[in-house]
Structures are given as structure tokens and as C-alpha cells.
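Each chain is listed here by its residues.
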Amino acid sequence: MKFVTVNYHLNQTYSIEDKAILQMVSAAVKDVKGIKIIKSEVLITKDHLSYEIKLEVEKSKTKSYEQASAEITKNIEESSMNLMEFIPENIQINFN
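Criteria and cut-off values
Throughout, a residue's number is its position along its own chain's written sequence, starting from 1. At least 70 in pLDDT is required for a residue's local features to be given in this predicted model, at least 80 for side-chain atom pairs to be given and counted, and no such filter applies to totals for whole chains, interfaces and linings, which use all residues. Working from all heavy atoms in the structure, the side-chain values ignore hydrogens and water. In this description a helix means any DSSP run of H or I spanning at least four residues, a strand means any run of E spanning at least two, and both kinds are numbered starting from the N terminus. With a 1.4 Å probe rolled over the protein chains alone, any residue whose accessible area is under 20% of its type maximum counts as buried; one over 50% counts as exposed, and the rest are partly exposed. Any two residues whose heavy atoms approach within 4.5 Å are treated as being in contact. Between any two strands, at least two bridges found by DSSP are needed for them to pair. Here the axes come from fitting lines to C-alpha atoms, over the contacting stretch only for helices, and the angles between their N-to-C directions go from 0 to 180 degrees. Under this scheme an angle from 65 to 115 degrees is roughly perpendicular, one under 35 degrees roughly parallel, and one over 145 degrees roughly antiparallel; angles in between are oblique. Less than a right angle of anticlockwise turn of the near helix away from the far helix marks a crossing as left-handed, whereas a clockwise turn marks it as right-handed. Under the scheme applied here, ten amino acids are nonpolar (Ala, Val, Leu, Ile, Met, Phe, Trp, Tyr, Cys and Pro), four are charged (Asp, Glu, Lys and Arg), and all others, including Gly, are polar.

**Q** Help me understand the side chain of Asn75, please; the structure alone is not making it clear to me.
**A** Checked against the element boundaries, Asn75 lands in helix H2 (residues 65-84). Asn75 sits in the buried class, given a relative accessible area of 15%. When residues no more than four places from it in sequence are discounted, the contact partners of Asn75 are Ala28, Asp31 and Val32.

In C-alpha cells, the structure reads:
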């Protein structure tokens, strides 16, 4: 089982499984119009304190690469802040 440990207040922690992070990522990307996820992956660090996201997406012809990647990154970071109160170490986006 892969999980991220989140420190919450002074003496409390909770763990979030990679499946929950993948659901968060797919919901965040679905909010961006003209983008479709082909493949997504979450890489958890060895100390379980952070994570990285790898995405393979398909974009519509109306969006530029810069605009699409900026919107995807912004949505993922906002969703991550709401769920864990920190952003991923790295977000890698590959366009297909």
C-alpha cells in the first residue's frame, strides 16, 4: 500500500492512499475543458512525506500547450491544497 503521511496540528497525522490522490488528480483535470487523461501515475517518496504526479493527456486543438499545462497545474495544486495543505513536489505533463 502506498500512502502519504500528512501532519495535522501538533500531535496528529493522517495518511492518504495513492488511490485517493489519483481520484483528486482526475477530478482536477476533468475541470479543464478540452483535456482528457490517458494515463496518470502517483510516485510517493520513500519517507512518505511527499509525492510526484505523472500525467499523459490529450488536448483539443483550440488550446495551446502553455495554456493547457498552466490550467492543469493550477487545478491540481488547488485540489492538493484542499486535501493535504501542500502541493506535489513535481507535476510532469506529457501531451499525446
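**Q** I would appreciate a short explanation of the pairing of strand S5 (residues 90-95) in the present structure.
**A** Within a regular strand, side chains alternate between the sheet's two faces. Here strand S4 (residues 51-59) pairs with S5 via six bridges, running parallel. Note that in S5 the partner of Lys54 across the bridge is Gln92.

**Q** I'm lost on the environment of Ile53 in this one. Help?
**A** With respect to the helices and strands, Ile53 occurs in strand S4. Look at Ile53 and you get buried, because its relative accessible area is 1%. If sequence neighbours within four positions are ignored, Ile53 has contacts with Val25, Glu41, Ile76, Pro88, Asn90, Ile91 and Gln92.

**Q** Would you mind going over the packing of helix H1 (residues 18-30) against H2 with me for this structure?
**A** For any two helices packed against each other, the geometry comes down to the angle between their axes and how far apart the axes lie. Where H1 contacts H2, the axes come no closer than 9 Å and their chain directions differ by 135°. One element, H1, and the other, H2, form an angle in the oblique class. When you trace H1 past H2, the crossing you get is right-handed. Between H1, through Ile21, Met24, Val25, Ala28 and Val29, and H2, the contact on the second element is made entirely by Ile72, Asn75, Ile76, Ser79, Ser80, Leu83 and Met84. Residues belonging to the contact of H1 with H2 are distributed by class as follows: nine nonpolar, three polar and no charged.

**Q** Help me understand the sheet that holds strand S3 (residues 35-44), please; the structure alone is not making it clear to me.
**A** Strands belonging to one sheet form pairs held by backbone hydrogen bonds; the direction of such a pair is parallel or antiparallel. Across the sheet, which stays open at both edges, the three strands sit in the order S3-S4-S5 with mixed pairing between neighbours. Since the sheet does not close on itself, it has two edges, and those belong to S3 and S5, each with one partner. When strand polarity is set aside, the average angle formed by the axes of neighbouring strands in this sheet is 15°. In this sheet, S4 lies alongside S3 in antiparallel orientation, the contact comprising nine bridges. Across the sheet, residue Lys39 finds its bridge partner in S4, namely Glu56. Seen against the sheet, H2 touches S3, S4 and S5 and runs at an angle of roughly 145° to S5.

That's the geometry; what it means functionally is another story.
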